[in-house]
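Coordinate inspection notes
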Amino acid sequence: MDSAGYTPHAAQMSFADDVIRGYAKAADALIEQYDAVPSAAIYATVRGHFPAAPARALDVGTGNGRDAAWLIELGYDVCAVDPVPAFVAKAKVRVPGAQVAQDCLPALGTVQGPFDLILVNAVWQHVDRNVRATALARLAKLLRRGGRLILSLRHGPGHVERPVASIDPAETVDQARRVGLTVLDQRTTTSLQSGNFVAGVTWTWLVLANTTELGSADGVPVRTG
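Residues numbered from 1 in each chain as written. Predicted model: local features only at pLDDT ≥ 70, side-chain atom pairs only at ≥ 80, totals over all residues. Heavy atoms only, no water.

Re the environment of Gly-113
Note on placement: Gly-113 falls in the loop between β3 (99-102) and β4 (115-120). Each C-alpha atom of the pair Gly-113 and Cys-79 lies 9.7 Å from the other, and the pair is 34 residues apart in sequence. In contact with Gly-113, not counting residues within four places along its chain, are Arg-56 and Leu-142. (Helix = DSSP H or I, 4+ residues; strand = E, 2+ residues; numbered from the N terminus. Contact = heavy atoms within 4.5 Å.)

Describing the side chain of Asp-59
Along the chain, Asp-59 turns up in strand β1 (residues 56-60). With no salt bridge to any partner, buried Asp-59 finds its closest opposite charge in Arg-66, at an N-O distance of 7.2 Å. A polar side-chain atom of Asp-59 sits 2.7 Å from a polar atom in the side chain of Thr-62. Within polar-contact distance, the side chain of Asp-59 engages the backbone nitrogen of Ala-68 at 3.5 Å. Residues within four places of Asp-59 in sequence aside, it is in contact with Asp-67, Ala-68, Cys-79, Ala-80, Val-81 and Leu-119. (Buried < 20%, exposed > 50% of the residue type's maximum accessible area, 1.4 Å probe, protein only. Lys, Arg positive; Asp, Glu negative; His and termini not counted. Salt bridge = Lys/Arg side-chain N within 4 Å of Asp/Glu carboxyl O. Polar contact = N/O pair within 3.5 Å; in protein donor to acceptor, adjacent residues only side chain to side chain.)

Overview of the sheet that holds β3
If you trace the seven strands from one edge of the open sheet to the other, you get β3-β2-β1-β4-β5-β7-β6, paired in mixed fashion. Two strands lie at the open edges of the sheet, namely β3 and β6 (182-190), each paired on one side alone. Shown here is a sheet whose adjacent strand axes are inclined to one another by a mean of 15°, direction ignored. Looking at chain direction, β1 and strand β2 (residues 77-82) are connected through five bridges and run parallel. Within β2, the position partnered with Leu-58 by the bridge is Cys-79. This element, helix α5 (residues 85-94), spans β2 and β3 of the sheet and lies at about 170° to β3. (Pairing = 2+ DSSP bridges. Axes fitted to C-alpha atoms, helices over the stretch in contact; angles between N-to-C directions.)

Purely spatial values, then, with no claim about function.
Now the structure itself:
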């Protein structure tokens with residue numbers, strides 16, 4: 001049972017386990033592949049919504065630590081998590097300045113908030129539809145008032161050994177609003193990876209905010225320039 005009181009069914013656990021096994025099997029190749037496109041290019045369409053550094057950031061599904069390393073360079077205090085042991089080991093070596101742990105949605109049991117910025121990139125398609133509302137509730141709880149959650153939603157085919165579940169952006173927005181998150185921006189982009197581009201993969205980027213007291217003294221300033 002996770003922190004929200006939800007007990008996943010066996011089929012949901014199987015989906016998550018299949019995803020983790022698939023990534024673990026391909027870890028060596030993926031560790032190199034993830035650096036083919038730089039973080040600055042990946043997040044270019046939503047970069048203007050990042051809180052001004054210094055601030056505290058959480059990178060969910062850090063992979064080889066690419067985005068965590070970039071966030072450190074930008075001046076953030078970084079916590080990074082991933083469910084794949086090989087990725088966690090690589091990220092710990094690559095980003096010694098970050099707190100790196102083996103963990104995943106929906107529980108994120110090792111993570112202590114609050115955060116000014118949370119990145120959940122190329123992860124949501126691997127979260128079973130039946131636990132996505134629970135996962136969003138957990139992320140909202142970890143987000144500081146005025147903080148930003150950057151969520152990317154993948155549309156299109158996935159690797160046969162790393163199963164993906166379809167995503168409805170409207171459903172995701174509705175779930176986010178139900179847990180107190182406000183949509184600040186929504187954009188659609190094509191894939192920056194050549195193979196995925198050819199396969200017709202696209203992404204919906206959501207910028208979500210905890211706007212309970214946006215603009216107040218304890219709010220999070222957004223970067224300018």
